[in-house]
Amino acid sequence: MKRFLLMLICMACLLTGCRGIGEKTSDPEEEKQLITVGFSQLGAESDWRKANTESMLQAFTEENGYELIMEDGQQKQVNQITAIRTFIQREVDYIVLAPVTEEGWETVLEEAKDAGIPVIIVDRQVKVKDKDLFTCWVGSDFALEGRKATEWLHAFTRAQGIDPAEINVVDIQGTLGSSAQIGRSAGILDASKKYGWKLLAQVSGEYTQARGREVMNYFLKVYDQINVVYCENDNEALGVIEAVEAAGRKVGSDIRNGEILVMSFDGVNETALQFAREDKISCIGECNPLHGPRVRKIIESLEKGETPEKYEYVDESIFSSLDQVQAVEVDGESYPVTLLK
Ligand code: GZL
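Residues numbered from 1 in each chain as written. Predicted model: local features only at pLDDT ≥ 70, side-chain atom pairs only at ≥ 80, totals over all residues. Heavy atoms only, no water.

**Considerations on the site of the ligand**
Here's step 1: Inspection of the region around the ligand gives 13 residues, with Glu45, Asp123, Arg124, Arg184 and Asp266 positioned closest.
Here's step 2: One of the side-chain N or O atoms of Asp123 is found 2.4 Å from an oxygen atom in the ligand.
Here's step 3: Between the ligand and Arg124 there is a distance of 2.7 Å, counted from an oxygen atom to a side-chain nitrogen or oxygen.
Here's step 4: Protein contacts shield 100% of the accessible area of the ligand, which totals 310 Å² for the unbound molecule.
Here's step 5: Cavity membership is defined here by more than half of the atoms lying within 2 Å of grid points; on that basis the ligand lies in the largest cavity.
Here's step 6: Grouping the amino acids of the shell around the ligand by side-chain chemistry returns five nonpolar, two polar and six charged. (Near = heavy atom within 4 Å. Polar contact = N/O pair within 3.5 Å; in protein donor to acceptor, adjacent residues only side chain to side chain. Areas by Shrake-Rupley, 256 points an atom, 1.4 Å probe, with all protein chains shown as cover. 1 Å grid on protein atoms, 1.4 Å probe; cavity = no way out; pocket = protein on both sides within 12 Å on 5 of 7 lines; lining within 4 Å. Sits in = over half its atoms within 2 Å of the grid points. Nonpolar A, V, L, I, M, F, W, Y, C, P; charged D, E, K, R; others polar.)

**A few points about the packing of aromatic side chains**
Here's step 1: Evaluated as defined, the whole model comprises nine aromatic pairs.
Here's step 2: Between Phe60 and Tyr66, the aromatic rings sit 4.9 Å apart at their centres with planes inclined by 90°, giving edge-to-face as the arrangement.
Here's step 3: For Phe60, a relative accessible area of 3% translates into the label buried.
Here's step 4: Classification of Tyr66 as buried rests on a relative accessible area of 3%.
Here's step 5: The interplanar angle of 55° and the centroid separation of 6.0 Å between the aromatic rings of Phe219 and Tyr223 together place this pair among those described as tilted.
Here's step 6: What makes Phe219 buried here is its relative accessible area of 0%.
Here's step 7: The structure contains a cluster of three or more aromatic residues connected by ring pairs, namely Phe134, Trp137, Tyr311 and Tyr313. (Phe/Tyr/Trp six-rings, centres within 6.5 Å; stacked < 30°, edge-to-face > 60°. Buried < 20%, exposed > 50% of the residue type's maximum accessible area, 1.4 Å probe, protein only.)

Next up, the structure:
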C-alpha cells in the first residue's frame with residue numbers, strides 16, 4: 001500500500017513541479033534568485049543568544065528570498081573560523097559573523113575578502129587593523145550600557161542616602177574578551193574608582209546561569225560584606241539569586257537591612273523581567289537581540305549597490321521597578337529609565 005502511495009506522490013510531484021526535500025529545482029532561474037547567507041552564530045549560551053538566533057532565522061527565510069546556512073560555534077572561535085571557511089567554499093553571497101570574542105579574526109576575514117564575499121559583523125565586535133575586512137557592523141554600545149547601569153546605581157544609592165564607601169560590589173563577568181564583557185566590566189571598574197565603591201572581585205560567569213550560581217557561591221564563602229552584585233547578563237543573575245537564597249540571604253534594593261542588590265543586562269529572559277518587577281533584580285540594562293531585520297536591511301541595501309553605515313548602534317533603555325531614578329546622565333546625555341510595573 002505504502003509503495004502505491006509513494007508512487008502517487010512522485011507522479012503528483014512530476015506533474016506539478018514541486019520539489020521533494022533536498023531536490024534541486026529544475027529551473028536554474030529560480031535557484032539563482034535566492035541570496036545565500038552563511039551565518040556563524042557563536043553559541044546558545046543564553047536566552048539573549050537564542051532570541052538573536054530566532055531573529056536571524058525569521059529574517060532570512062526562503063519566502064524573503066534567502067537561503068540561510070547557519071552554523072553554531074558552541075562558544076569556540078575555531079568552530080566559527082571553520083564555518084566561515086565552509087561558507088567561502090560554498091561561495092555564499094554574504095557572510096554574517098557573531099564573533100565570540102574580539103581578537104583573532106584577521107586571517108579568515110582576509111580569506112573572505114580575497115574570495116570577494118562581504119562580511120557583516122553582528123552583536124559583538126572584531127578587533128582588526130584593516131577595517132575593510134568587514135563591510136558593516138550592527139549591535140550595542142556595550143561601554144554605554146556599562147556607564148548607564150553604574151550611573152543608575154550611583155543615582156539610586158545617593159537617593160537612598162547610602163555612603164558610597166558602604167558599597168561592596170562583585171562583578172560576575174561575561175565571556176572574557178567579548179565586546180559585551182569588555183564594555184560592561186569597564187563600566188563597574190571605572191564607576192567604582194570614580195565614586196569610591198569597593199569592587200571586591202571580577203570573575204567570569206560565562207553568561208550562563210550555572211556558572212553564575214557557582215561564582216556567587218564562591219563569592220559568598222569568601223566575602224561576607226557583599227551588598228551589590230553586578231551580573232553581566234540575565235542568566236547569570238538568575239544563578240546569583242539561586243545562590244543567595246540558598247545561603248539564606250535575600251536579594252533586593254534594601255541593602256541597609258542586609259539585602260543584596262542584584263543588577264543585570266539583557267532584559268530578554270521573562271523570569272528576569274518578572275524579578276525586576278519584584279525588585280529581586282533592581283536594574284536591568286537593556287540589550288536588544290533582534291538584529292535579524294537590521295542585518296537583512298543592510299544586505300538589501302548592498303544588493304541595491306548602496307553603501308550602508310559602517311557601524312549601526314541600536315538604542316537601548318534601562319529597566320527598573322524603583323522610581324527613585326527616572327533617568328541617568330552619561331556624558332551630558334540623559335537616558336530615561338523604563339519603569340516596570
Ligand atoms: C550582548 C551579547 C551577550 C548577552 C549575553 O550583545 O553578546 O551575549 O548580553 C549573551 O546574554 O550571551
